[in-house]
Amino acid sequence: MKHILISVIFVFGLLTNLFANELTQENVKSFLLESDKLVLSKNVDKFAELLDEQVDITVAVDFNGKKEKTKLSKSEYLAKTKEGFTSTQNYVYKILDRKINIKNELAYITEQVEEKYIYNNQKVVGTSKVNSEIKLINNEFKIIKIEVILNNIQMNKI
């Protein structure tokens, strides 16, 4: 009886892991909530584990009418993120809106994000649109694409 119970628990554990790694709305929401926690805690190293090695990253900035678009490698993106976190204070990251669309084995995420922080004795508030794609790779969710469009950035002296 003891062996049957252990077998049932083992099989249930396998099935739970199998279904947890399906590309569903709920599983993607859970994955995104975990990534949000890592961003809020400024844990760039753990966040890096969520990114595919070949992640496609584009950052577009519209500041005072000047538009700039840059492609970054995974390592460049992570280095800039770490640098940003270490040079800012009172960082607040808030998802204003999030939509998930699953199609053709990919999860397409569209978000409106607000960030607030203090940088160089200035209070900075900005909103951005973030488009990303998530794929199940080797039974793990991985972010394969990130497009950040920064706009409406406001800076005020403290």
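S.K.: It is not clear to me how the sheet that holds strand E5 (residues 122–137) should be interpreted in this structure. Could you clarify?
M.R.: Strand pairing in a sheet relies on backbone hydrogen bonds. The paired strands run either parallel or antiparallel. Taking strand neighbours across the sheet as the criterion, the six strands line up as E2-E1-E6-E5-E4-E3 in an open arrangement whose pairing is mixed. Taken across any chain shown, the strands that pair with only one partner, and hence form the sheet edges, are strand E2 (66–72) and strand E3 (89–103). Each neighbouring strand pair of the sheet contributes to a mean axis angle of 15°, computed without reference to strand direction. The pairing of strand E1 (residues 51–63) with E2 spans seven bridges and is antiparallel. Along E2, the bridge assignment pairs Val61 with Glu68.

S.K.: I tried to follow the packing of aromatic side chains on my own but got confused; where do I start?
M.R.: Each aromatic ring pair is described using two quantities: the centre-to-centre distance and the angle formed by the ring planes. By the definition in use, this model includes three aromatic pairs. With 5.6 Å between their ring centres and 55° between their planes, Phe31 and Phe141 make a pair best called tilted. Here Phe31, found in helix H2 (residues 25–40), pairs with Phe141, found in strand E6 (residues 140–157); they are 110 residues apart in sequence, far enough to count as distant. These aromatic residues form a ring-pair network of at least three members: Phe85, Tyr91 and Tyr117.

S.K.: What exactly am I supposed to notice about the pairing of E6 here?
M.R.: Pairing geometry for E1 and E6, over seven bridges, is parallel. If you follow Leu51 over to E6, its bridge partner there is Ile143. Taken together, the 15 bridges between E5 and E6 define a ladder with antiparallel strand orientation. Paired with Ser132 across the two strands is Ile146, which belongs to E6.

S.K.: Help me understand the environment of Leu50, please; the structure alone is not making it clear to me.
M.R.: Counting through the fold element by element, Leu50 comes out in the loop between helix H3 (44–48) and E1. C-alpha of Leu50 to C-alpha of Glu140: the two residues are 90 residues apart in sequence and 8.7 Å apart in space. The contacts of Leu50, once residues within four sequence positions are left out, are Phe31, Ser35, Leu38, Phe141, Lys142 and Ile143.

S.K.: I'm lost on the environment of Thr110 in this one. Help?
M.R.: Along the chain, Thr110 turns up in strand E4 (residues 106–119). Given the relative accessible area of 32%, Thr110 is considered partly exposed. Measuring from C-alpha to C-alpha, the distance between Thr110 and Lys129 comes to 7.3 Å, with 19 residues separating the pair along the chain. The residues contacting Thr110, other than those within four sequence positions of it, are Asp97, Arg98, Lys99, Lys129, Val130 and Asn131.

S.K.: How should the pattern of salt bridges be read in this particular structure?
M.R.: Side-chain pairs of opposite charge can arise where the charged atoms are in close proximity. A full pass over the atoms with the stated rule returns nine salt bridges. Between Glu26 and Lys29 there is a salt bridge; the shortest N-O distance is 3.7 Å. Of the two residues, Glu26 and Lys29 both sit in helix H2, three residues apart, roughly one turn of that helix. On the basis of relative accessibility, which here comes to 52%, the residue Glu26 falls in the exposed class. The salt bridge partner of Asp97 is Lys99, with a shortest N-O separation of 2.7 Å. Accessibility expressed as a relative area gives 33% for Asp97, which makes it partly exposed.

What counts, and where the lines are drawn
- Residues numbered from 1 in each chain as written.
- Predicted model: local features only at pLDDT ≥ 70, side-chain atom pairs only at ≥ 80, totals over all residues.
- Heavy atoms only, no water.
- Pairing = 2+ DSSP bridges.
- Helix = DSSP H or I, 4+ residues; strand = E, 2+ residues; numbered from the N terminus.
- Axes fitted to C-alpha atoms, helices over the stretch in contact; angles between N-to-C directions.
- Phe/Tyr/Trp six-rings, centres within 6.5 Å; stacked < 30°, edge-to-face > 60°.
- Contact = heavy atoms within 4.5 Å.
- Buried < 20%, exposed > 50% of the residue type's maximum accessible area, 1.4 Å probe, protein only.
- Salt bridge = Lys/Arg side-chain N within 4 Å of Asp/Glu carboxyl O.

These results come straight from atomic positions and should not be treated as a statement about function.
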